[in-house]
Amino acid sequence: MAEAPKSRNFIGQAWLVILLALLYGGALATVHTALSARIAENKRNETYSVIPILVEGADQSMTAEVSVEGQNGKELTVYRVLDSGGHHRGWVLPAAGQGFADQIEILIGLDAEVSTIAGLYVLGQKETPGLGDYITGEGFRNRFRGKPTDRPLVVVKSDPKANNEILALTGATISSESVSGIVNRALANLKGPIRQLAPGGGEEQDEASSPADRQGETGP
Amino acid sequence: MTRGEPTALERFINGILPENPVYRQLLGMCPVLAVTNGMKPAMTMAGATAFVLILANIMISLMRGLLKPHLRILVFTLTIATFVTIADRLLAAYMYEMSKQLGPYVPLIIVNCLIISRCEICASKQDVRVAVADGVGMSLGFALALASIATVREILGSGTWLGLPVMPGFWPNWGIMVLPPGAFLTLGLLLGMVEWVNQARAKKAGKRE
């Protein structure tokens, strides 16, 4: 190249890249602002459609959205699930966290006493196709069903022995651990507050902030 | 192929068959194999790729005079990534089910060599008119290739086409065609067929001269 070998004029070299980064950043911000409400609405509709899978006996039309303040001080929306007779059947908590590739968004179904996980559903993920994306499969999601909420879940690579152990997906340990980590953090954050909301669950309030909660909070 | 820059019309026609991105250039194999188990995902992918390819070509062509040789790939990637993110958000907002079905393959359009190669070969050297013709031609070629593979796989594997039943009731669906091996089998056989036709035509043309 016939140009000057090393230019100290970085702006002269890079102005186009800098300008484009700003321009594209602005464009993406605009698109995000314009579409995020609609995307959130799509996710909400999907949440309602899977509530009967997450909590047995649930009636979608009876589901109520409840705003809860988590232990981290942030307001979150959770779903109180009722059956067609109006009886309290459980809860659905939306939660998200970093996966192997991108953010993983899940829904956690809990029974009425907030003592066991009733179901799990993956709302959004971009894990490796053919390996990590098996977290969306029923086979993996069912491994969470019936697990206790009083102890943090632990991912293991051989047959689970304790009832808080989850068998990892072959070739997708990080994705498996991400999901269980998201569950642990969400439970640690919200278990106490929603127990307080539960009808007749007021007495459990003290128990709710047991050491297990705090232990989960300091988890990965 | 001559060394002179092709005209807009040549670019457009080349993209569809003579330089078909899949059958002649073997580019974009990831979506070709991954999303062709049905016509609907294949056509959504073709549409999203066309959106990114045409807009990236236009942007790059508009600023081709400003590109610095050592920064051009960075500019290409930045431009492509922006349009892919926009396409991804649009799908999530207006075609939510399809967006979920395609999953990571929409963001993976960023690494589809077809797009960056068109930026490099055509858009960074020629004017906007030619770049648009090239983008549209290549997109049509890509859509055609995806459609051909998806048609074979969906009809044999699910007995439907675009979701409509086309095979008689007694047709046993070939499960393998929906699974990844079906993609490789179909692509290999179709590639072989295209090559065979090409060679036969070349022979004929040779005889005539």
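Right above here is the structure, for reference.
Residues numbered from 1 in each chain as written. Chains lettered and ligands numbered in written order. Predicted model: local features only at pLDDT ≥ 70, side-chain atom pairs only at ≥ 80, totals over all residues. Heavy atoms only, no water.

1. A word on the overall build of chain B
Link 1 in the chain: Along the backbone of chain B there are nine helices and two strands.
Link 2 in the chain: Taken against the 2.2 N^0.38 rule, which gives 17 Å for 209 residues, the C-alpha radius of gyration of chain B at 18 Å falls within 12% of a compact globule.
Link 3 in the chain: Referenced to the eigenvectors of the C-alpha coordinate spread, the extents of chain B come out at roughly 60 × 55 × 25 Å.
Link 4 in the chain: Nonlocal contacts in chain B, meaning residues at least 24 apart in sequence, comprise 74% of its contacts between residues at least 6 apart.
Link 5 in the chain: Taken as a whole, chain B presents about 10,300 Å² of accessible surface, with 70% of it coming from carbon and sulfur.
Link 6 in the chain: Averaging the coordinates of the 18 positive side-chain charges in chain B and doing the same for the 11 negative ones gives two points 3 Å apart. (Helix = DSSP H or I, 4+ residues; strand = E, 2+ residues; numbered from the N terminus. Rg over C-alpha atoms; globule rule 2.2 N^0.38 Å. Contact = heavy atoms within 4.5 Å. Areas by Shrake-Rupley, 256 points an atom, 1.4 Å probe, with all protein chains shown as cover. Lys, Arg positive; Asp, Glu negative; His and termini not counted. Charge placed at Lys NZ, Arg CZ, Asp CG, Glu CD.)

2. Here we look at the sheet that holds strand 5 (residues 117-124) of chain A
Strand pairing in a sheet relies on backbone hydrogen bonds. The paired strands run either parallel or antiparallel.
Residues and elements named next belong to chain A.
Link 1 in the chain: Strand order in the open sheet made by the five strands is 1-2-3-4-5, with antiparallel pairing throughout. The sheet is open, and its two edges are formed by strand 1 (64-69) and strand 5, each paired on a single side. Direction aside, neighbouring strands of the sheet carry axes that sit 30° apart on average.
Link 2 in the chain: Pairing of strand 2 (residues 75-82) with strand 3 (residues 88-98), which is carried by four bridges, proceeds in the antiparallel orientation. When the bridges of strand 3 are listed, L82 appears paired with H88.
Link 3 in the chain: Contacting strand 1, strand 2, strand 3, strand 4 (103-111) and strand 5, helix 1 (residues 10-54) runs over the sheet at an angle of about 150° to strand 5. (Pairing = 2+ DSSP bridges. Axes fitted to C-alpha atoms, helices over the stretch in contact; angles between N-to-C directions.)

3. A short note on the pattern of salt bridges
Link 1 in the chain: Taken as a whole and judged by the stated rule, the model has 10 salt bridges over all chains.
Link 2 in the chain: As a salt-bridge pair, R89 of chain A and D83 of chain A come within 3.1 Å of each other at their nearest N and O atoms.
Link 3 in the chain: Residue R89 of chain A is classed as partly exposed on the basis of its relative accessible area of 34%.
Link 4 in the chain: We note a salt bridge from R118 of chain B to D134 of chain B, for which the minimum N-O separation is 2.9 Å. Residue R118 of chain B is located in helix 6 (residues 113-123), and its partner D134 of chain B is located in helix 7 (residues 128-158); the two are separated by 16 residues in the primary sequence. (Salt bridge = Lys/Arg side-chain N within 4 Å of Asp/Glu carboxyl O. Buried < 20%, exposed > 50% of the residue type's maximum accessible area, 1.4 Å probe, protein only.)

4. A few points about the packing of aromatic side chains
For any pair of aromatic rings, geometry is given as the distance between the ring centres together with the angle between the planes.
Residue and element names in this part refer to chain B.
Link 1 in the chain: Under the defined criterion, the tally for this structure stands at four aromatic pairs over all chains.
Link 2 in the chain: Ring geometry for W171 versus W174: centroids 5.5 Å apart, planes at 25°, classification stacked.
Link 3 in the chain: Residue classification places W174 among the partly exposed residues on the basis of a relative accessible area of 40%. (Phe/Tyr/Trp six-rings, centres within 6.5 Å; stacked < 30°, edge-to-face > 60°.)

5. A look at unusual backbone geometry
Residue and element names in this part refer to chain B.
Link 1 in the chain: At L26, a position not held by glycine, the phi torsion is positive, near 55°.
Link 2 in the chain: Mapped onto the elements, L26 comes out in the loop between helix 1 (8-16) and helix 2 (29-34).
Link 3 in the chain: Positive phi values are uncommon outside glycine, yet L162 reaches one of about 55°.
Link 4 in the chain: Examined against the element boundaries, L162 turns out to sit in the loop between strand 1 (160-161) and strand 2 (164-165).

6. A closer look at the nonpolar core
Link 1 in the chain: One finds V52, I60, M63, V75 and I109 of chain B to be the most contacted residues of the largest nonpolar core, which totals 57 residues.
Link 2 in the chain: Within the residue set of this core, elements represented by two or more residues are helix 1 of chain A together with helix 2, helix 3 (39-62), helix 4 (72-94), helix 5 (96-102), helix 6, helix 7 and helix 9 (180-208) of chain B.
Link 3 in the chain: When neighbours within four sequence positions are excluded, V75 of chain B is seen to be in contact with L16, V17 and L20 of chain A together with I60, M63 and L67 of chain B. (Core = buried A, V, L, I, M, F, W, Y, C linked by side-chain atoms within 4.5 Å.)

7. What about the interface of chain A and chain B?
Link 1 in the chain: In this complex, chain A contributes 25 residues to the contact, which on the side of chain B involves 27 residues.
Link 2 in the chain: Between chain A and chain B lies a buried interface of about 2,300 Å² when both sides are counted; carbon and sulfur atoms form 72% of it.
Link 3 in the chain: We note a salt bridge from E46 of chain A to K100 of chain B, for which the minimum N-O separation is 2.9 Å.
Link 4 in the chain: The tally of links from chain A across to chain B stands at 10 residue pairs in polar contact (both at pLDDT 80 or more). (Buried area = accessible area lost by both parts, 1.4 Å probe. Polar contact = N/O pair within 3.5 Å; in protein donor to acceptor, adjacent residues only side chain to side chain.)

8. Looking at helix 9 of chain B
Residue and element names in this part refer to chain B.
Link 1 in the chain: Helix length check: helix 9 (29 residues) gives 42 Å between terminal C-alpha atoms against 42 Å at 1.5 Å per residue, within 8%.
Link 2 in the chain: Along helix 9, the residues classified as buried are G182, A183, T186, L187 and L190.
Link 3 in the chain: Looking at the packing, one finds that the buried side of helix 9 touches helix 2, helix 7 and helix 8 (175-178). (Expected span 1.5 Å × (residues − 1).)

9. Quick look at the packing of helix 1 of chain B against helix 7 of chain B
Residue and element names in this part refer to chain B.
Link 1 in the chain: Packing of helix 1 against helix 7 brings their axes to within 6 Å, and their N-to-C directions diverge by 15°. On the basis of their axis angle, the class for helix 1 and helix 7 is roughly parallel. Between helix 1 and helix 7 lies a crossing of right-handed hand. Across the interface between the two elements, A8, R11, F12, G15 and I16 from helix 1 touch R129, V130, A133, D134, V136, G137, M138, L140, G141 and L144 from helix 7.
Link 2 in the chain: Residues belonging to the contact of helix 1 with helix 7 are distributed by class as follows: nine nonpolar, three polar and three charged. (Parallel < 35°, antiparallel > 145°, perpendicular 65-115°, else oblique. Left-handed = near helix turned anticlockwise from the far one by under 90°. Nonpolar A, V, L, I, M, F, W, Y, C, P; charged D, E, K, R; others polar.)

10. Brief notes about the environment of I73 of chain B
All names here are of chain B.
Link 1 in the chain: Counting through the fold element by element, I73 comes out in helix 4.
Link 2 in the chain: With a relative accessible area of 39%, I73 lands in the partly exposed category.
Link 3 in the chain: The sequence separation of I73 and E120 amounts to 47 residues, and the corresponding C-alpha distance is 8.1 Å.
Link 4 in the chain: Once you skip the residues sitting within four places of it in the chain, I73 turns out to touch I116 and E120.

11. Focus: the pairing of strand 2 of chain A
Residues and elements named next belong to chain A.
Link 1 in the chain: As judged from the six bridges shared by strand 1 and strand 2, these two strands associate in the antiparallel manner. Among the inter-strand pairings, V68 is bridged to a residue of strand 2, identified as L76.
Link 2 in the chain: Between strand 1 and the antiparallel strand that follows it, strand 2, lie five residues; G73 among them carries a positive phi value of about 85°.
Link 3 in the chain: Counting the residues between successive antiparallel strands, the hairpin from strand 2 to strand 3 contains five residues, one of them, G86, with a positive phi of roughly 85°.

12. A word on the environment of A131 of chain B
Residues and elements named next belong to chain B.
Link 1 in the chain: As for its placement among the helices and strands, A131 is situated in helix 7.
Link 2 in the chain: Taking relative accessible area as the criterion, A131 reaches 0% and is therefore assigned buried.
Link 3 in the chain: Taking the C-alpha atoms as reference points, A131 and L55, separated by 76 residues in sequence, lie 9.5 Å from one another.
Link 4 in the chain: With near-sequence residues (within four places) excluded, A131 lies in contact with N57, S61, C122 and A123.

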